[in-house]
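Examination of the molecular architecture
For reference, the chains in residue letters:
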Amino acid sequence: MVWLAIAVGGALGSVARHGVNVMVHGRWPLMRFPLATLVVNVVGCLIIGVLAGLVMSERITLRFYWREFLFVGILGGFTTFSTFGLDTVTLARTQSLGPALGNVIAHVGLGLIAVWIGMRISIST
C-alpha cells in the first residue's frame, strides 16, 4: 500500500512541477536563467519545512502512509531538493555544522561531477 501512496503522490508532484515550468516559461519565455527550477526548489523547501515543523511540534499528526504520500510522493515528485534541504537542516540542528556542510559539499560537488562524467561518456560514444 505504501508503494501506491508514493506512486500517486509522485505523479501529482510531477504534474505540479510541470505546471510550474509551464507557468514560468509562459510568463518569461526568453529567460535564460533556470527560474522554473529555482521556483520549484524554493517552494518545495518551504512546503517540506512547514510540514516537518508541524509534525515536529506535534501540531499535526500524520500516519505513515500520509507521510510517505506527502514527503516521498508529492514532494519527491515535485523536487528532491526539498529533501536535501530538510536533511541538511536536520543535520545542522541535531549534530553539528560539519555533517551539514559535508552533505552540501557532497551533494553539490558530486552531483556536478556526475553530470559532467555522464555528459563526457555520452558525448564520446
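Here's what I pulled together on the structure shown here. Here the structure is a predicted model, which is why all the values come from computation and not from measurement. (Residues numbered from 1 in each chain as written. Predicted model: local features only at pLDDT ≥ 70, side-chain atom pairs only at ≥ 80, totals over all residues. Heavy atoms only, no water.)

A few words now on the packing of helix H2 (residues 35–56) against helix H4 (residues 81–94). Orientation of H2 relative to H4, taken along the N-to-C sense of each, is 50 degrees, at an axis distance of 8 Å. As far as their axial angle goes, H4 and H2 are oblique. For the element pair H2 and H4, the recorded crossing hand is right-handed. Each of Asn41, Gly44, Cys45, Ile48, Ala52 and Met56 in H2 lies in contact with H4, whose residues at this interface are Phe81, Ser82, Thr83, Leu86 and Arg93. In terms of residue class, the contact of H2 with H4 is built from six nonpolar, four polar and one charged. (Axes fitted to C-alpha atoms, helices over the stretch in contact; angles between N-to-C directions. Helix = DSSP H or I, 4+ residues; strand = E, 2+ residues; numbered from the N terminus. Parallel < 35°, antiparallel > 145°, perpendicular 65-115°, else oblique. Left-handed = near helix turned anticlockwise from the far one by under 90°. Contact = heavy atoms within 4.5 Å. Nonpolar A, V, L, I, M, F, W, Y, C, P; charged D, E, K, R; others polar.)

As a further point, take the packing of helix H1 (residues 2–27) against H2. Helix-helix packing: each pair is described by the crossing angle between the helix axes and the interaxial distance. Direction vectors running N to C along H1 and H2 enclose 135 degrees, while the axes themselves pass 9 Å from each other. With respect to H2, the axis of H1 lies oblique. Regarding H1 and H2, the two cross each other, and that crossing is right-handed. When H1 is examined against H2, the residues Arg17, Val20, Asn21, Val24 and His25 are found in contact with a partner set consisting of Leu35, Ala36, Thr37, Val39 and Val40.

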